[in-house]
Amino acid sequence: RGSIGPTAITLFFSMYILFVLIVFIADVYHRAVVVPRMERLRDQRERERQRLEGQEAQQAAAVAVDNLVNDTDVATTEMAVTHNAQNLSTQNIPGANTGTSPRQNKALNKVLMALSNYDKYETQGIEDPLDGMSGWGIDGNESQTERPIVLHGTHGILNKHNGGGNSESIGTPDHPLSPNIELIDSPYHAMTDDPIDGFCTETGYGSFSAHNWKGAWHDGTQELKVHFRETWNDIFVNEENGILDKFFLACELPFTLFRKFSVPIPCEGYYCRALVALSIFLSPIWIGVYLLIQHDINLFLKSSIPYILIGCVPSFIIGALVLRYAPGGEGVMGLNVSVPIAFYGFVIAATWIDAIADQLVNLLVFFGAIFRIPGSIMGLTVLAWGNSMGDLSANMTMAKKGLANMAITACFAGPVFNILIGLGGGFSTLSKATGNAEAEVVLSPSISIGFFFLLCNCILVLVSGVILNKGMIPKSYGYAALALYLVYLIVSITVQFTTK
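Residues numbered from 1 in each chain as written. Predicted model: local features only at pLDDT ≥ 70, side-chain atom pairs only at ≥ 80, totals over all residues. Heavy atoms only, no water.

J.: How would you explain the overall build of the protein if you had to name every residue and give the values?
T.: On a plain count of helices and strands, the protein comes out with 12 helices and four strands. Contacts in the protein between residues at least 24 apart in sequence constitute 65% of all its contacts with a sequence separation of at least 6. Put simply, the protein shows about 33700 Å² of open surface, and 65% of that area lies on carbon and sulfur atoms. (Helix = DSSP H or I, 4+ residues; strand = E, 2+ residues; numbered from the N terminus. Contact = heavy atoms within 4.5 Å. Areas by Shrake-Rupley, 256 points an atom, 1.4 Å probe, with all protein chains shown as cover.)

J.: I'd like a description of unusual backbone geometry, backed by residues and values.
T.: We note that Asp-296 has phi near 55°; this positive angle belongs to a residue other than glycine. Counting through the fold element by element, Asp-296 comes out in the loop between helix 6 (273-295) and helix 7 (307-325). Given a relative accessible area of 68%, Asp-296 falls into the exposed group. Even without glycine at this site, Arg-372 takes up a positive phi of about 55°. With respect to the helices and strands, Arg-372 occurs in the loop between helix 8 (335-371) and helix 9 (375-400). (Buried < 20%, exposed > 50% of the residue type's maximum accessible area, 1.4 Å probe, protein only.)

J.: I'd love a proper account of the packing of aromatic side chains, names of residues and values included.
T.: Each pair of aromatic rings is reported with the distance of its centres and the angle of its planes. Counted according to the given criterion, the structure contains 14 aromatic pairs. Ring plane angle 10° and centroid distance 4.1 Å describe the contact between Trp-286 and Trp-352, whose orientation is recorded as stacked. Placement of the pair is Trp-286 in helix 6 and Trp-352 in helix 8, with a sequence separation of 66 residues. For the pair Trp-286 and Trp-352, a shared accessibility class is recorded, and that class is buried. Three or more aromatic residues joined by ring pairs form one cluster here, namely Phe-452, Phe-453, Tyr-485 and Tyr-488. Sitting over the face of the ring of Trp-213, Arg-324 holds its NZ or CZ atom 5.8 Å from the ring centroid. (Phe/Tyr/Trp six-rings, centres within 6.5 Å; stacked < 30°, edge-to-face > 60°. Lys NZ or Arg CZ within 6 Å of the ring centre and 35° of its normal.)

J.: Describe the pattern of salt bridges, listing the residues and the values that go with them.
T.: Under the criterion given, the structure shown has seven salt bridges. For Arg-49, the salt bridge identified is with Glu-46, shortest N-O distance 2.4 Å. Here Glu-46 and Arg-49 lie together in helix 1 (residues 6-90), a separation of three residues that amounts to about one turn. In this structure, Arg-259 and Glu-252 form a salt bridge, with 3.4 Å as the shortest nitrogen-oxygen distance. Given a relative accessible area of 27%, Arg-259 falls into the partly exposed group. Through salt bridges that share partners, Glu-46, Arg-49 and Glu-53 make up one connected network. (Salt bridge = Lys/Arg side-chain N within 4 Å of Asp/Glu carboxyl O.)

J.: How would you sum up the nonpolar core? Please name residues and give values.
T.: In this structure, Val-276, Val-322, Met-333 and Ile-341 are the most contacted members of the largest nonpolar core, which totals 13 residues. Tallying contributions element by element places helix 6 first for this core, with four residues. Among residues more than four places away in sequence, those in contact with Val-276 are Pro-264, Ile-265, Pro-266, Tyr-271, Val-322 and Ile-341. Within the second largest apolar cluster, 10 residues are counted, among which are Leu-291, Cys-312, Ile-348 and Ala-355. (Core = buried A, V, L, I, M, F, W, Y, C linked by side-chain atoms within 4.5 Å.)

J.: Let's hear about the environment of Met-333: which residues, and what values?
T.: As for its position among the elements, Met-333 is in the loop between helix 7 and helix 8. Note: C-alpha distance between Met-333 and Tyr-271 (62 residues apart in sequence) is 9.0 Å.

J.: Help me get a handle on a nonpolar patch on the surface, residues and values and all.
T.: Together, Val-382, Trp-385, Met-389, Leu-392, Met-396, Tyr-485 and Leu-486 make up an exposed nonpolar region whose accessible area comes to about 640 Å². Elements with a minimum of two residues in the nonpolar patch: helix 9 and helix 12 (475-498). When residues of the nonpolar patch are assigned to their parent elements, the largest contribution, five residues, is made by helix 9. Along the chain, Trp-385 falls in helix 9. Owing to a relative accessible area of 40%, Trp-385 belongs among the partly exposed residues under this scheme. (Patch = residues over 30% accessible without salt bridge, like charges linked within 9 Å, V, L, I, M, F, W, Y side chains within 5 Å.)

J.: Help me get a handle on helix 8, residues and values and all.
T.: With 37 residues, helix 8 extends 52 Å from end C-alpha to end C-alpha; this agrees with the ideal 54 Å at 1.5 Å per step. Contact partners of the buried residues in helix 8: helix 5 (243-262), helix 6, helix 7 and helix 9. Residue Arg-372 follows helix 8 closely and has a positive phi angle near 55°. (Expected span 1.5 Å × (residues − 1).)

J.: Tell me about the environment of Gly-329, and name the residues and values.
T.: Residue placement: Gly-329 occurs in the loop between helix 7 and helix 8. Note on Gly-329: relative accessible area 4%, which makes it buried. Sequence separation between Gly-329 and Cys-272 is 57 residues, and the spatial gap between their C-alpha atoms is 7.2 Å.

J.: Can you lay out the packing of helix 4 (residues 213-236) against helix 5 for me, pointing to particular residues and giving the numbers?
T.: Following both chains from N to C, one finds helix 4 and helix 5 inclined at 155°, their axes separated by 10 Å at the closest point. In terms of orientation, helix 4 and helix 5 fall into the roughly antiparallel class. Crossing handedness for the pair helix 4 and helix 5: right-handed. Note on element contacts: helix 5 touches helix 4 through Lys-246, Leu-249, Ala-250, Leu-253, Leu-257, Lys-260 and Phe-261, opposite His-227, Phe-228, Thr-231, Trp-232, Ile-235 and Phe-236. Residue composition of the contact of helix 4 with helix 5, grouped by class: nine nonpolar, two polar and two charged. (Axes fitted to C-alpha atoms, helices over the stretch in contact; angles between N-to-C directions. Parallel < 35°, antiparallel > 145°, perpendicular 65-115°, else oblique. Left-handed = near helix turned anticlockwise from the far one by under 90°. Nonpolar A, V, L, I, M, F, W, Y, C, P; charged D, E, K, R; others polar.)

J.: Now, about the environment of Val-20: what can you tell me, with residues and values included?
T.: Topologically, Val-20 is positioned in helix 1. For Val-20, a relative accessible area of 38% gives the class partly exposed. With 393 residues separating them along the chain, Val-20 and Ala-413 place their C-alpha atoms 8.7 Å apart.

Rendered as structure tokens:
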């Protein structure tokens, strides 16, 4: 038993801010110190490997040259014996010339030089102008920078087709945009109209805004057609999807379209200019639906004032400006425009998450009441799995694509956010609602067991990853973590049924 007051709430928020700062500092240190060090070590090992391969190649070439020279010496000896015999047989013949000197075999010298490891600069005593380059295929002095990771889109690492879209030339009946321009069969196609306004366009990219409003409307409709054709193909034509996957994706398709129509995403990899403009315009309608469903606030007609319709006016203007002046294709919007739109899209996405989570909880309560399953058991199993399934899928995908650091950081950042911000925000809201500065809390046995196994997992990560393997988490940790979770489920469910 205990109580949660303003001090504990402040501590929750302070701990999360400290966690974010530590992760940020660790990431800066990793990029500024660890990554360059690993690059230097990798280049050093690569140069050493190439040097050893070069020595082996030189030794093999030397052996081949020695064998060829030995064969040549034998042939020369045989020729000398034959020549001497001819001299002995023709020494009494008048006019016989025996004073000629042997000539060099230039063809043989070229063959031997080609088989050797020497070049023309070494044979002529001239310094090789490429002598400063080390290795057999890399420049040892070349500086390597860490490229940004694109997750989605034509060139994203999570793209199923891996940028394998088919090119179709524009100017055909299917793509009558403009002649002599190539369009990739993707919503992220490249368009090369002359720019008239660079405010929305990031410098250094080869995609430009439309010439006029009529062209912007035409290009926008074409982009939407391509985008939704690709969405349809990803569901029903993609060979990786089984029959069950296609069925569930088809059931989810209406909600997928609703999300696309209301959540603007201007980020690279997701960017589709026409869809960003359309989602900005329609987003106030979703806000009105969300407030009506979740909070019983009717902004469509409150006090005879249609607030949502009034809000659609500025959103329509902003969406039209995006469609007119934003870059098409794979061009990147300027930060002065994309950051506010991305933040607005984040807020809209948060409302979607809240609405879906609330409906999921209601559905689980309904099934729990029908099958008479205790709420604690539902929270331990179905509710926990449902809340974590999205994170599990994303983290496993990141790990399979080689982004293990990002995946394991997300594994810890999500629960830390839920515990610290969730508890801090929840108790703060409760304090304001009740007017009491402190709230009495009781730790149930299931919560105590959860804290214990969470501590065991953290110790397991530190021991296996830091102490035993020097910063590398082994595969055996995965099996140990799964076993630990199974033990946690068994113990928690047993305690729930045995404790009154």
